[in-house]
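# Working through the structure, step by step
So the chains spell out like this:
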Amino acid sequence: MLTFLSYAFNSDGFIPHGHCYLWKTGLVWLHIIADGIIALAYYSIPFLLIYFISKRQDVPFNGVFVLFGAFITACGTGHLMDIWTLWHPDYWISGCLKALTAIISIYTAFALIFLMPQALTLPSPAQLEAINRALSTEIVERKRIEQELRKAEEVAQDSSHAKSEFLANMSHELRTPLNGILGYTQILQRTESLSEKGRKGLGVIYQCGSHLLTLINDVLDLSKIEARKLELHPVDFYLPAFIDSVTEICRIRAEQKVIAFEVQLDPDLPTGIHGDEKRLRQVLINLLSNAIKFTNQGSVTFKVKITERESGVNGKTNYKIRFEVIDTGAGIKPEQAEKIFQPFEQVGNQKRQSEGTGLGLAISQKIVLLMGGQIQVQSTLGKGSTFWFEAKFLESKDWAKVSRAVDQGTIVGYMGQRRTILIADDKWENRSVIVNLLEPVGFTVIEASHGEEAWEQALAHKPDLVITDLVMPILDGFELINRLRQSEQFKNIAIIASSASVFAIDQHKSIDVGADTFLPKPVEAEVLLEMLRQILQLKWIFDEKIDAIQKNKPAALEKSIDTISPNQQILQELLELVHDGDIQNILELADQLSTSDEKLNVFTQHIVQLASNFQLKRLATFIEQYID
């Protein structure tokens, strides 16, 4: 090693490199110039490779480029060393440099061997051109398909809009006569002295009209579901009263078919919950009504229980509540169970199918899905069915604040000066309903059959409030509202927009042009009166005589010293009949008691009154007072 180092800078014993050129000056300079130019050319290549690598970090061959650059640099340095050794014969250094160059070249060659399969997979320019042509063709085809899809979507939207418009128009036409039917039913119930038969007849008319309205709403709900516009509107409500109202409606139907109706409630159910009361009632009544409809003998059981609870924010609890309806009815075939949640699908015989639209379960399933659950069914043909679903509800401790106020009696007037109300509607029956509702309680009601006439009546009578339909000839409700708001004289007048239109856009538009609120048709008396109370800041006057009668009714049914009751055995028998919901046998037993002993007349009258009105809870409470 020491000898090698000593020869690195001392080349005694070697022939100088320049002797190879025979000491010819021209030949020496030829080699000097040629080696210098080759070295400069070699050095330019690594610089270009370094620039390329810095700009293209994504190239997968950067490592080979570095090796190749090192190899080229070593080659160029070797040519410069050849020039150096012409005057300085450092041949050991020159040889070592050539050996290093050889090593780098071998390493680079091996790297290229391993890289070659990957490089061979790279597409050729011809292949790239073919790929580009294919991509261009695919892009053109995709654009064509996108255009066709857009056209198809526009056609589908037009069809959906046409269907929605048709349903809305049909709804408007159907709701208009329903407004008169339900409105005058309410008026007669409020104002006329009717016999028991007449009162029940009006009740039947109102129930049939309400049922027809429900069917219309079912079709519209389905349309909203298909358009993905059905939304939940949760509120705080009192759960026990909610369940009681649902079960009482269905209990009457079950009693009419003489089948048992049982309700099983979890004792730990929360008092108040936060949810969409209207939609939940719609689902439960549908499931219970179906169970009763398809059960001819046996029973229908309604179960409500908590399946899960967890602590939430603000000390409130999240409850998962299971609603379950069990019947001993006709049952469903397995192949039918898969179809019953589809629109317009019905099972059972033709007679039962004619009782509905086949939309109830489809709509109920969509509503429950919005609540985060799913209606499940388990059925055995000929033995009965079980429907159930679970949904989460947040506990509500403020339900009392939003609960509906208890009726205070029959309204006969209001305090303060007499108010004038202008009603604009092209349908006389719609105007007549409102006139007959409001005139008896002290309002002066002015009528107009279209918007232009309403404007003239407003100028003539200076009303305190305007109730206007939206669809009218000559001048519609939107234009009337806009004209009133632009007028200096009426810009602050109270305006209620009223329509049978189901388009939310119509309701929002009426508010946008200046209406204070929206009153849907058919008009509900309670809703209209509450709107008037709030907008006009009214304080109602109630009929004291009617109030007194209403207040005395419960007292008259309570235990009295003068009321003589039958023995304990009869009382127990009556109580069992009440629990079974057997109205017919209750009335027969009451008649037998009254015939056998005149002293029991007062007692039996109370029994007959409560049983005839299906007030089974109050009847049970009344009987229990006399037991023991």
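### Things to note about the nonpolar core
- Of all hydrophobic cores here, the largest spans 40 residues; its most connected members are Leu280, Phe302, Phe323 and Phe389.
- Looking at this core, the elements with two or more residues in it are α7 (239-256), α8 (277-293), β4 (299-311), β5 (317-327), α11 (360-370) and β7 (384-395).
- Here the element with the most residues in this core is α8; it accounts for eight residues.
- Not counting residues within four places of it along the chain, the set of residues in contact with phenylalanine 323 comprises Leu280, Leu284, Phe302, Lys303, Val304, Phe387, Trp388, Phe389 and Phe393.

### Description of unusual backbone geometry
- Even without being glycine, isoleucine 474 reaches a positive phi, approximately 65°.
- A relative accessible area of 65% places isoleucine 474 in the exposed class.
- Phi angles above zero are rare outside glycine, and glutamine 537 is one such case at about 55°.
- For glutamine 537, the location among the structural elements is in the loop between α17 (525-535) and β14 (540-542).

### Brief notes about the side chain of threonine 247
- In this structure, threonine 247 sits in helix α7.
- What makes threonine 247 buried here is its relative accessible area of 4%.
- Residues contacting threonine 247, with those up to four places away along its chain left out, are Phe261, Val263 and Phe302.

### Notes on the pairing of β5
- Within β5, eight of the eleven residues are buried, which leaves it mostly tucked inside the rest of the structure.
- As paired strands, β4 and β5 are joined by eleven bridges and run antiparallel to one another. Counterpart to lysine 305 in the pairing with β5 is arginine 322.
- Note: β5 against β7, ten bridges, orientation antiparallel. If you follow tyrosine 319 over to β7, its bridge partner there is phenylalanine 393.

### A few points about the pattern of salt bridges
- Within this structure, the stated rule accounts for 14 salt bridges.
- With its nearest N and O atoms 2.4 Å apart, the salt bridge here joins arginine 144 to glutamate 148. You can see arginine 144 and its partner glutamate 148 sitting in helix α5 (residues 125-191), four residues apart, about one turn around the helix.
- Owing to a relative accessible area of 36%, arginine 144 belongs among the partly exposed residues under this scheme.
- Lysine 320 is the salt-bridge partner of glutamate 308, the closest N and O atoms lying 3.8 Å from each other. Placement of the pair is glutamate 308 in strand β4 and lysine 320 in strand β5, with a sequence separation of twelve residues.

### Focus: the environment of tryptophan 388
- Following the sequence through the fold, tryptophan 388 ends up in strand β7.
- Each C-alpha atom of the pair tryptophan 388 and glutamine 376 lies 5.4 Å from the other, and the pair is twelve residues apart in sequence.

### Regarding the sheet that holds strand β12 (residues 494-499)
- Pairing is parallel across the open sheet formed by five strands, whose spatial order is β10-β9-β11-β12-β13. Both outer strands of the open sheet, β10 (444-448) and β13 (517-520), are each paired with one neighbouring strand and no more. Strand-to-strand twist in this sheet, taken as the mean axis angle between neighbours without regard to direction, amounts to 20°.
- In this structure, strand β9 (residues 420-424) lies alongside strand β11 (residues 465-469), joined through four bridges in parallel fashion. Looking at β11, one finds that leucine 422 is bridged to valine 466.
- Sheet contacts for helix α15 (residues 477-486): β9, β11 and β12; angle to β11, the most-contacted strand, approximately 155°.

### Notes on the environment of lysine 617
- In this fold, lysine 617 is placed in helix α22 (residues 616-624).
- Between the C-alpha atoms of lysine 617 and glutamate 248, which are 369 residues apart in sequence, the distance is 9.6 Å.
- With sequence-adjacent residues up to four places away left out, lysine 617 is seen in contact with Asp244 and Glu248.

### Thoughts on the environment of glycine 69
- Within the fold, glycine 69 resides in helix α3 (residues 62-84).
- For the pair glycine 69 and isoleucine 104, spaced 35 residues apart in sequence, the C-alpha to C-alpha distance is 9.9 Å.
- Filtering out sequence-adjacent residues up to four positions away, glycine 69 remains in contact with Pro46 and Leu49.

### Some details on the packing of helix α14 (residues 451-461) against α15
- Put simply, α14 and α15 touch, their axes get as near as 9 Å, and they point 30° apart. Here α14 is positioned roughly parallel relative to α15, judged by the angle of their axes. In terms of crossing hand, the pair formed by α14 and α15 is right-handed. Between α14, through Gly451, Glu452, Ala454, Trp455 and Ala458, and α15, the contact on the second element is made entirely by Leu480, Arg483 and Leu484.
- For the contact of α14 with α15, the residue count by class is five nonpolar, one polar and two charged.

### Points about α14
- Taken together, the buried positions of α14 are occupied by Gly451, Ala454, Trp455 and Ala458. Viewed end-on, α14 has its buried residues packed into an arc of 100°, placing them on one side of the element.
- Looking at the buried side of α14, the elements it contacts are β9, β10 and α15.
- Directly after α14, the chain includes lysine 462, whose backbone phi takes a positive value near 50°.

### Examining the confidence of the model for the chain
- Across the chain, the average pLDDT comes to 76, with 75% of residues at or above 70.
- Across residues 7-15, confidence stays below pLDDT 50; counting only partners more than four residues off in sequence or on other chains, it has twelve contacts.
- Below a pLDDT of 50 lies the segment residues 349-356, which in the model reaches eight contacts outside its immediate sequence neighbourhood of four places, other chains included.

Parameters and conventions
- Residues numbered from 1 in each chain as written.
- Predicted model: local features only at pLDDT ≥ 70, side-chain atom pairs only at ≥ 80, totals over all residues.
- Heavy atoms only, no water.
- Core = buried A, V, L, I, M, F, W, Y, C linked by side-chain atoms within 4.5 Å.
- Buried < 20%, exposed > 50% of the residue type's maximum accessible area, 1.4 Å probe, protein only.
- Helix = DSSP H or I, 4+ residues; strand = E, 2+ residues; numbered from the N terminus.
- Contact = heavy atoms within 4.5 Å.
- Pairing = 2+ DSSP bridges.
- Salt bridge = Lys/Arg side-chain N within 4 Å of Asp/Glu carboxyl O.
- Axes fitted to C-alpha atoms, helices over the stretch in contact; angles between N-to-C directions.
- Parallel < 35°, antiparallel > 145°, perpendicular 65-115°, else oblique.
- Left-handed = near helix turned anticlockwise from the far one by under 90°.
- Nonpolar A, V, L, I, M, F, W, Y, C, P; charged D, E, K, R; others polar.
- Arc of directions from axis to C-beta.
- pLDDT = per-residue confidence, 0-100.

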